[in-house]
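Remarks on the overall topology
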Amino acid sequence: MIIRERPAAWRLFFVLRGSILHRIKWEVATTVTISLLVTLLHGRVFETKITLTPIPFSLIGLALAIFLGFRNSTTYDRWWEGRRLWGDLVIHARSLARMTISHVQPGESALQAVRVRRLIAFTHALRHSLRGTRDDDSARFLPADEAAIVAAAANPPDRILQLLSADLADAAARGQVAPMISASIEDELTALAGVQAGCERLHGTPLPFSYTLLLHRTAHLYCLLLPFGLVDTIGFSTPLVVGLISYTFFGLDTIGDEIEDPFALLPNSLPLDAISRRIEIDLRDALGETDLPEMLQPVDYCLL
């Protein structure tokens, strides 16, 4: 996620880090180059004059802008729902750690640490599962036997929740936790399972491809043909106008692509590493540990 202050007005045109320009530069350059050629040739292709009026472009441009705005609104809703789910994860992890330390076998710090550190392992396992990256983090917070079980599981985050639930059931059977507290802890575990399922739903259900493809095609065809509709009206200003419109349409289209999957490793994706580190710090601090890691900071304005 890009973290930076809004630059001064005179610097807006020179900001590259955090801009979408680097991903659309070749598309914009192509449309500007074509518009330059069309302008120099006065709209002729092989001695044939291609005559287009601005009217159809006005109608198509309005419809395209509406559809792009709708798609960006939809993808932003997905991005915000992903952030809300990870915010819920922070809440439930802190609540479970508090109840575990205070109500389940109080005084047995070693066992309490194992239980709380499973929650940290769940957070890291969920992050790697959503991003499709190699999980080298969760095993550090699990006993060796449990780490092997989780590594071999088809769904590592869910397996960690099973371990937490089984441990809770064993503690309840031994009378080491009050029934009401046991029910509350199980509710929190169910809430974590809901967070995981919600994240998996977002990750595994992209926007319909045909809908996205239609917008991609329409935006590119519109910007490629636009010079023919403007050259007879605005002349040598055509490349400038086409460049601005291409930057806007291609930029909106690409931003929608970036935030469609909020858990990816793109500049505008959610900072799952930083949220995971926040949970790790809070839970280890609740255990009384002092060698806590530092919070992650943005690198080149990008927070992972």
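This write-up is about the structure you can find in this document. (Residues numbered from 1 in each chain as written. Predicted model: local features only at pLDDT ≥ 70, side-chain atom pairs only at ≥ 80, totals over all residues. Heavy atoms only, no water.)

1. Describing the pattern of salt bridges
We count it as follows: Any Lys or Arg side-chain nitrogen located within 4 Å of an Asp or Glu carboxyl oxygen qualifies as a salt bridge. Helix numbering and strand numbering both begin at the N terminus, where a helix is a DSSP run of H or I of at least 4 residues and a strand a DSSP run of E of at least 2.
As enumerated under the stated definition, the model contains 22 salt bridges in all. Between glutamate 81 and arginine 201 there is a salt bridge, with its nearest N and O atoms 2.5 Å apart. Separated by 120 residues along the polypeptide, glutamate 81 in helix H2 (residues 54–103) and arginine 201 in helix H6 (residues 179–204) bring together distant segments of the chain. A salt bridge links aspartate 282 to arginine 94; the shortest N-O distance between them is 2.6 Å. With aspartate 282 in helix H9 (residues 272–286) and arginine 94 in helix H2, this pair connects stretches of sequence that are 188 residues apart. Because the salt bridges share partners, they merge into one network encompassing Arg117, Glu280, Arg284, Glu289 and Asp291.

2. Re the packing of aromatic side chains
Filter applied, for reference: By convention, a stacked pair of Phe, Tyr or Trp rings (six-membered ring in the case of Trp) has centres within 6.5 Å and planes under 30 degrees apart, an edge-to-face pair has planes over 60 apart, and any other such pair is tilted. Residue exposure (1.4 Å probe, protein chains only): buried if accessible area is under 20% of the type maximum, exposed if over 50%, otherwise partly exposed.
All chains considered together, the criterion is met by five aromatic pairs. Note on tyrosine 222 and phenylalanine 249: the rings are 5.6 Å apart at their centroids and 55 degrees apart in plane angle, and the pair reads as tilted. With tyrosine 222 in helix H7 (residues 209–234) and phenylalanine 249 in helix H8 (residues 238–260), this pair connects stretches of sequence that are 27 residues apart. Each member of the pair, tyrosine 222 together with phenylalanine 249, is buried. By way of ring pairs, the aromatic residues Phe57, Tyr222 and Phe249 are connected into one cluster.

3. Comments concerning empty space enclosed by the protein
To keep it simple, the criterion reads: Cavities and pockets were defined on a 1 Å grid built over protein atoms only: a cavity is a set of grid points that admits a 1.4 Å probe from which the probe cannot escape, a pocket is an open set flanked by protein on both sides within 12 Å along at least five of seven lines, and lining residues are those with an atom within 4 Å of any such point. Grid points are joined across faces, edges and corners, and a volume is the space filled by probe spheres set on the points. For this classification, Asp, Glu, Lys and Arg are treated as charged, while Ala, Val, Leu, Ile, Met, Phe, Trp, Tyr, Cys and Pro are nonpolar and the rest, including Gly, are polar.
By the definition in use, this model includes two cavities of 30 Å³ or more. Looking at the largest cavity, the residues that line it are Leu96, Thr100, Val104, Arg115, Arg118, Leu119, Leu164, Asp167, Leu168, Ala171, Ile185 and Leu189. If you list the elements that add at least two residues to the lining of the largest cavity, you get H2, helix H3 (109–131), helix H5 (156–173) and H6. Top contributing element to the lining of the largest cavity by residue count: H5, with four residues. Each residue belonging to the lining of the largest cavity can be placed in one class, and the counts come to eight nonpolar, one polar and three charged.

4. Here's the deal with a nonpolar patch on the surface
This is how it is decided: Each patch is built from residues lacking any salt bridge and having more than 30% relative accessible area; the joining distance is 9 Å for like charges and 5 Å for nonpolar side chains (Val, Leu, Ile, Met, Phe, Trp, Tyr). Only the protein chains shown count as cover for residues, and all accessible areas are computed by the Shrake-Rupley method using a 1.4 Å probe.
On the surface, a cluster of nonpolar side chains totalling about 470 Å² of accessible area is made up of Leu37, Leu40, Leu41 and Phe236. Take leucine 41: it is sitting in the loop between helix H1 (21–40) and strand E1 (44–45). For leucine 41, a relative accessible area of 49% translates into the label partly exposed.

5. A word on the layout of surface pockets
In this model, the second largest pocket occupies a volume close to 180 Å³. Looking at side-chain class alone, the lining of the second largest pocket contains eight nonpolar, four polar and one charged residues.

6. Re the nonpolar core
Heads up, the rule is: Among buried residues, the Ala, Val, Leu, Ile, Met, Phe, Trp, Tyr and Cys ones that are joined through side-chain atoms within 4.5 Å form a nonpolar core. In this description, contact between two residues means that some pair of their heavy atoms is separated by no more than 4.5 Å.
By size, the foremost hydrophobic cluster in this structure holds 42 residues, and its most contacted members are Trp86, Leu89, Ile160, Leu189, Leu192, Phe263 and Leu283. Per-element tally for this core: the top contributor is H2, with nine residues. With residues up to four places along the chain from it excluded, the contact list for isoleucine 160 reads Arg118, Ala121, Phe122, Ala125, Leu142 and Val150. If you look at the next biggest cluster of nonpolar residues, it comprises 15 residues, including Ile24, Phe57, Ala219 and Phe250.

7. Comments concerning the environment of glutamine 297
Examined against the element boundaries, glutamine 297 turns out to sit in the segment after H9. Glutamine 297 sits 104 residues away from alanine 193 along the chain, and the two C-alpha atoms are 29 Å apart.

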